[in-house]
Amino acid sequence: TYFATGFSYNTRNYTAKNGILSNSVRKIFIDNTHRVWIGTDNGVSCMTGNGIVNYIYSHGLTHHRIWEIVQTPDSTLWFGSHGRGLYRFRNNRFTHFPLPESSGGENNAIRKNKSFGSYLYIGSKQGLSIFDPATGKYIPFRNETFNYRGQILDFFEYKTKLYFLTHQDGTF
């Protein structure tokens, strides 16, 4: 028989009362310089060794509900919003790349982003989008045997291939 014993941990609760933008935290991401990025329903908070910096409209973030954060191999940070598309963070400013109308446009909610090869793969409530960071343009995804338009919940890599998980239709 095994018994659990109590452990004591020093913790700190970060909330809207003491620094971050919202208590509704959707994503936490640690970048390659060890900054902690927090996607919330009211914008993005960034924790550094010097405190918390909050990013909102005045920084170019035109939509405040941030659900996804990834970093590409060139160290660029990309933020996915629950509506309104992608944001690139560079030079302390956000640049907006709205999802194309063929992918649901501004009504589409990004669930997951995945940096794979030279592209960003965007899983949303209306299917898969592919974005080329080098050109700042979306690439039409065309496959004669694949036309999935349902929710994409996550991505994973296996043997140098990219797969994604769906809401009710398995994995591709």
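Further up the page is the structure itself.
Anyway, here's the lowdown on the structure attached to this text. (Residues numbered from 1 in each chain as written. Predicted model: local features only at pLDDT ≥ 70, side-chain atom pairs only at ≥ 80, totals over all residues. Heavy atoms only, no water.)

## A word on the overall build of the protein
Here comes step 1: Secondary structure summary: the protein contains zero helices and 14 strands in total.
Here comes step 2: Written out in order from the N terminus, the α and β elements of the protein read β-β-β-β-β-β-β-β-β-β-β-β-β-β.
Here comes step 3: Of the contacts made within the protein by residues no fewer than 6 positions apart, 39% connect residues no fewer than 24 positions apart. (Helix = DSSP H or I, 4+ residues; strand = E, 2+ residues; numbered from the N terminus. Contact = heavy atoms within 4.5 Å.)

## Remarks on the environment of Ala 16
Here comes step 1: Relative to the helices and strands, Ala 16 resides in the segment before strand E1 (25-30).
Here comes step 2: Remark: the alpha-carbon pair of Ala 16 and Asn 42, spanning 26 residues in sequence, is separated by 9.9 Å.

## Section: the pattern of salt bridges
Here comes step 1: On inspection of all chains with the given rule, the structure shows five salt bridges.
Here comes step 2: Among the salt bridges present, the one from Asp 41 reaches Arg 26, with a minimum N-O distance of 3.0 Å. Placement of the pair is Asp 41 in the loop between strand E2 (36-40) and strand E3 (43-48) and Arg 26 in strand E1, with a sequence separation of 15 residues.
Here comes step 3: Given the relative accessible area of 41%, Arg 26 is considered partly exposed.
Here comes step 4: The shortest N-O distance in the salt bridge between Lys 114 and Glu 157 comes to 3.0 Å. Highlighted residues: Lys 114 in strand E9 (residues 110-116) and Glu 157 in strand E13 (residues 152-158), separated in sequence by 43 residues.
Here comes step 5: For Lys 114, a relative accessible area of 22% corresponds to the partly exposed category.
Here comes step 6: Taken together, the shared-partner salt bridges connect Arg 26, Asp 41 and Arg 65 into one network. (Salt bridge = Lys/Arg side-chain N within 4 Å of Asp/Glu carboxyl O. Buried < 20%, exposed > 50% of the residue type's maximum accessible area, 1.4 Å probe, protein only.)

## Quick notes on the sheet that holds E2
Here comes step 1: The strand order across the open sheet built from four strands is E1-E2-E3-E4, with neighbouring strands paired in antiparallel fashion. At either margin of the open sheet sits one strand with a lone partner, and together these are E1 and strand E4 (51-55). Strand-to-strand twist across the sheet, computed as the mean angle between neighbouring axes with direction ignored, equals 20°. (Pairing = 2+ DSSP bridges. Axes fitted to C-alpha atoms, helices over the stretch in contact; angles between N-to-C directions.)

## Looking at the packing of aromatic side chains
Here comes step 1: Throughout the structure, instances matching the rule amount to 17 aromatic pairs.
Here comes step 2: Look at Phe 156 and Tyr 163: their rings are 5.2 Å apart centre to centre, the planes differ by 15°, and that puts the pair in the stacked class.
Here comes step 3: Judged by relative accessible area, Phe 156 falls into the partly exposed class, the value being 32%.
Here comes step 4: Taking the relative accessible area as the measure of exposure, Tyr 163 reaches 25% and is therefore partly exposed. (Phe/Tyr/Trp six-rings, centres within 6.5 Å; stacked < 30°, edge-to-face > 60°.)

## Digging into the pairing of E4
Here comes step 1: Sheet topology note: the E3/E4 ladder contains five bridges and is antiparallel. In the strand pairing of E4, Met 47 is matched with Ile 52.

## Concerning the sheet that holds strand E7 (residues 86-90)
Here comes step 1: Read from one edge of the open sheet, four strands run E5-E6-E7-E8, paired in antiparallel fashion. Pairing within the sheet leaves two strands with one partner each, and these edge strands are strand E5 (66-71) and strand E8 (93-97). On average, adjacent strands in this sheet sit at an angle of 25° to one another, irrespective of strand direction.
Here comes step 2: In terms of strand pairing, E7 meets E8 through five bridges, oriented antiparallel. If you follow Arg 90 over to E8, its bridge partner there is Arg 93.

## A closer look at the side chain of Asp 31
Here comes step 1: Assignment of secondary structure puts Asp 31 in the loop between E1 and E2.
Here comes step 2: For Asp 31, a relative accessible area of 4% translates into the label buried.
Here comes step 3: Dropping the residues within four chain positions of it, Asp 31 is found in contact with Trp 37, Gln 71 and Leu 77.

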